[in-house]
Amino acid sequence: LEKIKTIGDAYMVAAGLPQPQTNHVSAVAAMAVEMQETLADFNAQTGQDISLRIGIHTGPVVAGVIGLKKFAYDLWGDTVNTASRMESHGIPNGIQISEVTYHRLRDSDARYDFRSRGPILIKGKGPMVTYLLEPCSPELAEEQPVDKTKLDSKSVIPTNLQQLRSVGISKE
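Residues numbered from 1 in each chain as written. Predicted model: local features only at pLDDT ≥ 70, side-chain atom pairs only at ≥ 80, totals over all residues. Heavy atoms only, no water.

Draft legend 1. Expanded view of the overall build of the chain. Broken down by element type, the chain carries 4 helices and 9 strands. Each helix (α) and strand (β) of the chain, taken in turn from the N terminus, gives the series β-β-α-β-β-β-α-β-α-β-β-α-β. When the 172 residues of the chain are sorted by exposure, 44% land in the buried category. Counting only contacts in the chain whose residues sit at least 6 apart along the sequence, the fraction spanning at least 24 positions is 66%. (Helix = DSSP H or I, 4+ residues; strand = E, 2+ residues; numbered from the N terminus. Buried < 20%, exposed > 50% of the residue type's maximum accessible area, 1.4 Å probe, protein only. Contact = heavy atoms within 4.5 Å.)

Structure follows, in structure tokens:
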């Protein structure tokens, strides 16, 4: 997983780049579930009521380094925009995924259940079939571990926001 940037109250992460990765969709999904679980624990321990919307889409992106004096790695393209729309049209404490991501996870990772939201109107895209990703039993999760050593949990949970947005992208 690669943290790309924070944009206001949003956190953008990508998998499968800059180095290809066979489990890129599963890696982003596992991070999304862990973020939701961590936030639920945080809320329970502190009495806070912070919610988190996560959107995930899978597809090709253009990636590169920009800048002349201060360099930044960034991503562009319809996949980035669609992932952002999955988040912004999602529900609090939900992980909304596109139909493409749904098919990839359904076919490759038994750790999750899915609830169809049906076609919903997505700004700039029109009607899209989307799904909510929900973790299955813990026994299934243990069968397919994902390396999460690169995650920085301190940058994921700000205490001064009532809502945190996250956009996940996995390279096709």
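Draft legend 2. Structural view of the pairing of strand β5 (residues 72–76). One ladder, built from 5 bridges, connects strand β4 (residues 62–66) with β5; its direction is antiparallel. The residue bridging Ala63 from the neighbouring strand is Leu75, located in β5. Linking β4 to β5, which pair antiparallel, is a turn of 5 residues; within it Gly67 sits at a positive phi near 115 degrees. (Pairing = 2+ DSSP bridges.)

Draft legend 3. View of the packing of aromatic side chains. One pass over the full model with this rule turns up 2 aromatic pairs. Aromatic side chains Tyr102 and Phe114 sit 5.0 Å apart centroid to centroid with 90 degrees between the ring planes, which places their arrangement in the edge-to-face category. Separated by 12 residues along the polypeptide, Tyr102 in helix α3 (residues 99–108) and Phe114 in strand β7 (residues 112–122) bring together distant segments of the chain. Taking the relative accessible area as the measure of exposure, Phe114 reaches 24% and is therefore partly exposed. Here the aromatic rings of Tyr102 and Tyr131 are separated by 3.8 Å at their centres, their planes lie at 10 degrees, and the arrangement is stacked. Note that Tyr102 is positioned in helix α3 and Tyr131 in strand β8 (residues 126–135), a separation of 29 residues in sequence. The residues Tyr102 and Tyr131 share a single accessibility class, namely buried. Linked through ring pairs, Tyr102, Phe114 and Tyr131 together constitute an aromatic cluster. (Phe/Tyr/Trp six-rings, centres within 6.5 Å; stacked < 30°, edge-to-face > 60°.)

Draft legend 4. Main features of the side chain of Ser98. Relative to the assigned elements, Ser98 resides in strand β6 (residues 95–98). Here the side chain of Ser98 touches His57 through a polar contact of 2.7 Å, side chain to side chain. With residues near it in sequence (within four places) discarded, Ser98 still touches Ile56, His57, Thr58, Met86, Val129 and Tyr131. (Polar contact = N/O pair within 3.5 Å; in protein donor to acceptor, adjacent residues only side chain to side chain.)

Draft legend 5. Summary view of the nonpolar core. The biggest cluster of nonpolar side chains holds 26 residues, and the ones touching the most others in it are Ile95, Ile97 and Leu133. Counting residues per element, the ones that place at least two in this core are β2 (10–15), α1 (24–46), β3 (51–59), β6, α3 and β8. Broken down by element, this core gets its largest block of residues, 11 residues, from α1. Every residue in contact with Leu133, bar those within four places of it in the chain, is listed here: Ala29, Val33, Ile95, Ile97, Leu105, Tyr112, Asp113 and Phe114. (Core = buried A, V, L, I, M, F, W, Y, C linked by side-chain atoms within 4.5 Å.)

Draft legend 6. Helix α2 (residues 78–88), seen in detail. Among all positions of α2, only Thr79, Val80, Thr82, Ala83, Met86 and Glu87 are buried. End-on view of α2: buried residues confined to an arc of 165 degrees, all on one side of the axis. (Arc of directions from axis to C-beta.)

Draft legend 7. Spotlight on the pattern of salt bridges. Applying the stated criterion to the full structure yields 6 salt bridges. With its nearest N and O atoms 2.9 Å apart, the salt bridge here joins Asp74 to Lys5. With Asp74 in strand β5 and Lys5 in strand β1 (residues 2–7), this residue pair connects regions lying 69 residues apart in the sequence. By relative accessible area, which is 9% here, Asp74 ends up buried. (Salt bridge = Lys/Arg side-chain N within 4 Å of Asp/Glu carboxyl O.)

Draft legend 8. Geometry of α3. Looking only at α3, the buried set comprises Thr101, Tyr102 and Leu105. End-on, the buried residues of α3 take up no more than an arc of 100 degrees, which puts them together on one face. Contacts made by the buried residues of α3 are with α1, β3, β6, β7 and β8.

Worth remembering: the numbers are spatial, not functional.
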